[in-house]
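Secondary and tertiary structure notes
Residue strings, one per chain:
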Amino acid sequence: MCQKIIKKLAWKWRALLITAPSITTLLIGLHLTGILQLFELAAFDQFIRFRPQKPVDQRILIVGFTESDIQTLGMAILSDELLAQLIENLKKHQPAAIGLDIYRDLPEEPGYEKLVKVFASTPNLIGIRKVVGNQINSPINPPPVLDKLNQIAANDMPMDADSKIRRFFLYLTDSEGKIVPSLGLKLATIYLQKYKIFPRSAAVNPEYLQLEKAVFIPFENNHGGYVQTNAEGYQIILNYRSPEYTFKQVSVTDVLNNKLTPELVRDKIILIGSMAESKNDLFLTPYSSKIIGIPEKMSGVEIHANVTSLIISSALGEMNLIKILPEYLEWLWILLWSTVGATISWKWRYSGGFSQFSGKSIITLFIASSGLVCISYYSFIWGWWIPIISPFLAIWLSAIAITAFVAKTAGYIRDVFSRYLTDEVVANLLENPDGLKLDCQRRKVTILMSDLRGFSAISERSEPETIFAMLNIYLGEMTEVINQYGGTIDEFIGDAILVIFGAPTQREDDAERAVACAVAMQMAMPGVNAKLKELGLPEIQMGVGINTGEVVVGNIGSNRRSKYGVVGSNINLASRIESYTVGGQILISGDTLEEVTSIVKIVQQKSVKIKGFPEAITIYQVGAISGKYNLFLPVKSELFVDLLEPVPIQFAVIEGKEVSEKLISGSFVKVSSNSAEVKSNYLVDVMSNVQINLLTRTCQEEKIDYIYAKVTGEKEDRSGFYIHFTAVSPEFEEILETWVTANL
């Protein structure tokens, strides 16, 4: 039992079980090749820009060497004398630490001796060196005095493939094997001493740096959206605090002229560096994204301010370090969203028809994609960088794969069932792993049988090409209507159509849909005749019979060739009921009426004795169906006119498809555009079909090919009966119109 349930579920979700892992594997492979890296980094930048910005860090002050300073001082590089004076003017206001983001490995006279003395007398001053060389710049040595005092830090920054800075170094190892802390770390540790927070080894890993509760997990080759990236040194993802120009800043000239208050400097971290564009110390950051124009850059000293602020804020619990999921969880994350995309498309795969996304699918996929973006965004705000591009692609690629699978399956199913089943029926078949076997079973269904009145007579006197043209127009229109109401076209039998409601898919409203379908088919006939008229073809009329009952449904035939069919006496009954119709009529059985009685309008009922059935049954003529369908057949009133003289005729009763050899005399005494009153001593059973010949010389000269009619009623005095013309030649149609017009 359990195995059967598992098999059923596996079949039901078979495409999802294949698609989700396959798309996940594909995207993991693409991710590992690095193809998606730039897109993931672009998403990272968007999150940085769109998230709420932190307030200005009042603990940091930037002293910027600007273009205005260069013009005012008349020098592109601060001399040692001016730099010494700058530091002295800051020292007197008791800053917590001073970071000098200016290289001073060589003297810049005048004032070198003075600068050396200032360096030696300032224990909280940190100088810089460039530890890592590159193709353009070689390593740069630190100021010798500060190097001896161990007041040196590295100002190197790792740069991504798109030349943006998203990471920073905590430590670097120089060519001699000496560990050099970064400028931001050095300044932050000096500042944190007043909080009695000192660097230590993390409990989770002794090789990790920990400041209070902040554990700095090193950057790895495959880190978040990065793939095979150089991870040398102790690198950390830089969680920027603010965009450019958001830290408090003063110019070098203002400090030299003592134009700053003590409160602006006291107990603050001071960063001195170049902010002039001509100094070429500007870098691209996540904030440097512009579709049009040149992206704005951030000065190196501002980037160091962001690093310093991040280290302090994370140690004090004010700001989160950016963390990532373990690689296996990232893979499961992609699998999750691949499953979401596949599930959405699989669930509503037939809502909009084959080979296309349904409206429900598209809306839900957009909701899922929005959910992914929201989850990733709010996770980022809380310090978690979760890849978004791979899962986003997983949603839509899985949906596309499911759609492609459904389209391929639909093609196969359509080959099996031709054009007789609706998309919904096929969908239901696919939910069952044995759906294509379609073993025979008893089922209550509603059978609709339609047929053209007098079409055999038209066929006998028309070219085969004409018959095909008429049938293609008629059957094409009817098929569209039948599919609209979810019927299964079991068979085209010449001009007749056998439609089943309730197999292979059974629904509670099978009978209602069958009757509504019949009304819609009759309402579509004027359109059919309009098309026939355009081609110069004769108009046609259709009758519809409907019955509800139990039949046997399933595949009939062999493994080499079979068809889905129905067998049972209720099929025969539907066919018999249809045979009693005249053009434009819908007749239903009592069993069908029981299913639809609350919404169907009956305009007439008759008791008929049907061959093969022991007792007479009542059949009902449908005029309309209300409820959600709200379909009404036009009311046709028969206006009979008396003929000035009776028109003699001979007629023969049609038994099945055979015309009786016995000719019976009679005459037309009244006519309408579609019917006539026949006077005859021989009474024909109601609902019988008759073939008529006119006996007047004028009519015989017209060479009338055919007149067929159905007996619709008997006169009360039993002196004759009424007929409804089912098929007449164009010549008789003109004569009939003349009679009606002349006798009005």
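Definitions and limits used
Residues numbered from 1 in each chain as written. Predicted model: local features only at pLDDT ≥ 70, side-chain atom pairs only at ≥ 80, totals over all residues. Heavy atoms only, no water. Helix = DSSP H or I, 4+ residues; strand = E, 2+ residues; numbered from the N terminus. Contact = heavy atoms within 4.5 Å. Areas by Shrake-Rupley, 256 points an atom, 1.4 Å probe, with all protein chains shown as cover. Pairing = 2+ DSSP bridges. Axes fitted to C-alpha atoms, helices over the stretch in contact; angles between N-to-C directions. Parallel < 35°, antiparallel > 145°, perpendicular 65-115°, else oblique. Left-handed = near helix turned anticlockwise from the far one by under 90°. Salt bridge = Lys/Arg side-chain N within 4 Å of Asp/Glu carboxyl O. Buried < 20%, exposed > 50% of the residue type's maximum accessible area, 1.4 Å probe, protein only. Nonpolar A, V, L, I, M, F, W, Y, C, P; charged D, E, K, R; others polar. pLDDT = per-residue confidence, 0-100. Polar contact = N/O pair within 3.5 Å; in protein donor to acceptor, adjacent residues only side chain to side chain. Patch = residues over 30% accessible without salt bridge, like charges linked within 9 Å, V, L, I, M, F, W, Y side chains within 5 Å. Lys, Arg positive; Asp, Glu negative; His and termini not counted. Charge placed at Lys NZ, Arg CZ, Asp CG, Glu CD. Core = buried A, V, L, I, M, F, W, Y, C linked by side-chain atoms within 4.5 Å. Expected span 1.5 Å × (residues − 1).

1. Side note on the overall build of the protein chain
- Along its length, the protein chain carries 21 helices and 32 strands.
- By sequence separation, contacts in the protein chain at least 24 residues apart represent 72% of the contacts at least 6 residues apart.
- Carbon and sulfur atoms provide 54% of the accessible area of the protein chain, an area that totals close to 36500 Å².

2. Observations regarding the sheet that holds strand β6 (residues 179–181)
- Across the sheet, three strands lie side by side as β6-β5-β10; this open sheet has antiparallel pairing. Strand pairing shows two members of the sheet lacking a second neighbour, β6 and β10 (234–237), which therefore form its edges. The sheet shows a mean angle of 25° between the axes of neighbouring strands, direction not considered.
- Bridge count for strand β5 (residues 167–173) against β10 is four bridges, and the pairing is antiparallel. Residue pairing for β10: Tyr171 is matched across the bridge by Tyr234.

3. A closer look at the packing of helix α2 (residues 14–33) against helix α11 (residues 327–347)
- Look at α2 against α11: their axes get within 8 Å of each other, and the N-to-C directions meet at 140°. Put simply, α2 runs oblique to α11. Two packed elements cross with a definite hand, and for α2 against α11 that hand is right-handed. Where α2 approaches α11, its residues Arg14, Ala15, Leu16, Thr19, Ala20, Pro21, Ile23, Thr24, Leu27, Ile28 and Leu32 are matched on the opposing element by Glu327, Trp331, Ile334, Leu335, Ser338, Thr339, Ala342, Thr343 and Trp346.

4. Comments concerning the pattern of salt bridges
- All chains considered together, the criterion is met by 22 salt bridges.
- For Asp174, the salt bridge identified is with Arg129, shortest N-O distance 3.2 Å. Here Asp174, found in the loop between β5 and β6, pairs with Arg129, found in strand β3 (residues 125–129); they are 45 residues apart in sequence, far enough to count as distant.
- A salt bridge links Glu550 to Arg442, with the nearest nitrogen and oxygen atoms 3.1 Å apart. One end of the pair, Glu550, is in strand β20 (residues 542–557); the other, Arg442, is in strand β17 (residues 441–452), with 108 residues separating them in the sequence.
- With a relative accessible area of 60%, Arg442 lands in the exposed category.
- Counted as one network, the salt bridges with shared partners bring together Asp45, Asp160, Asp162, Lys164, Arg166 and Arg167.

5. Some words on the sheet that holds strand β11 (residues 248–251)
- Spatially, the six strands line up as an open sheet ordered β4-β3-β2-β12-β1-β11, and their pairing is parallel. Edge strands, defined here as strands with exactly one partner in the open sheet, are β4 (152–154) and β11. On average, each strand axis in the sheet is inclined to that of its neighbour by 25°, with strand direction left out of account.
- Where strand β1 (residues 60–65) meets β11, four bridges bridge the pair, whose relative direction is parallel. Counterpart to Gly64 in the pairing with β11 is Ser251.
- The strands touched by helix α10 (residues 300–315) within the sheet are β1, β2 (97–101), β11 and β12 (269–274), with β12 carrying the most contacts at an inclination of about 155°.

6. Some points on the packing of helix α8 (residues 183–192) against α10
- Two elements in contact, α8 and α10, have axes whose closest approach is 8 Å; the angle formed by their N-to-C orientations is 40°. Comparing the axis directions of α8 and α10 gives the class oblique. The handedness of the crossing between α8 and α10 comes out as right-handed. Note on element contacts: α10 touches α8 through His304, Val307, Thr308, Ile311, Ile312 and Ala315, opposite Leu183, Gly184, Leu185, Leu187, Ala188, Tyr191 and Leu192.
- In terms of residue class, the contact of α8 with α10 is built from 10 nonpolar, three polar and no charged.

7. Some remarks on the confidence of the model for the protein chain
- Mean pLDDT over the protein chain works out to 85, with 88% of the residues at or above the 70 mark.
- Across residues 352–356 the pLDDT falls below 50, and counting only partners more than four positions away or on other chains, this stretch makes 10 contacts in the model.

8. Some words on the side chain of Asp80
- With respect to the secondary-structure elements, Asp80 resides in helix α5 (residues 80–91).
- When its relative accessible area of 0% is taken as the criterion, Asp80 is described as buried.
- A distance of 2.8 Å separates a polar atom in the side chain of Asp80 from a polar atom in the side chain of Arg104.
- When residues no more than four places from it in sequence are discounted, the contact partners of Asp80 are Arg104, Pro107, Glu108, Glu109, Pro110, Gly111, Tyr112 and Leu115.

9. Overview of a negative patch on the surface
- Negative charge collects at one region of the surface, where Glu539, Glu733, Glu734 and Glu737 lie side by side.
- Secondary-structure assignment places Glu539 in the loop between α17 (510–534) and β20.
- Looking at Glu539, the relative accessible area reads 54%, which means it is exposed.

10. Remarks on a nonpolar patch on the surface
- Together, Tyr378, Ile381, Trp382 and Trp384 give the surface a local cluster of nonpolar side chains, amounting to about 470 Å² of exposed area.
- With respect to the helices and strands, the residue Tyr378 is situated in helix α12 (residues 359–381).

11. Focus on the nonpolar core
- If you look at the biggest cluster of nonpolar residues, it comprises 69 residues, and the most contacted ones within it are Phe168, Leu170, Leu211, Phe216, Ile311 and Trp385.
- A per-element tally of this core places α10 first, with eight residues.
- Sequence-distant contacts of Leu170, defined by excluding residues within four places in its chain, comprise Val180, Pro181, Ser182, Leu185, Leu209, Phe216, Tyr234, Ile236 and Ile311.
- Ranked by size, the runner-up nonpolar core spans 52 residues in total, among them Ala514, Leu593, Leu633 and Tyr706.

12. A closer look at helix α3 (residues 37–50)
- Between its first and last C-alpha, α3 extends 20 Å over 14 residues, near the 20 Å set by a 1.5 Å rise per residue.
- Where α3 is concerned, the buried positions are Gln37, Glu40, Leu41, Ala43, Phe44, Asp45, Phe47 and Ile48.

13. Focus: unusual backbone geometry
- A cis geometry characterises the amide bond from Glu109 onward to Pro110, with omega recorded as 5°.
- Even without being glycine, Asn150 reaches a positive phi, approximately 60°.
- With respect to the secondary-structure elements, Asn150 resides in the loop between α7 (144–148) and β4.
- The phi angle at Asn280 is positive, at roughly 60°, despite the residue not being glycine.

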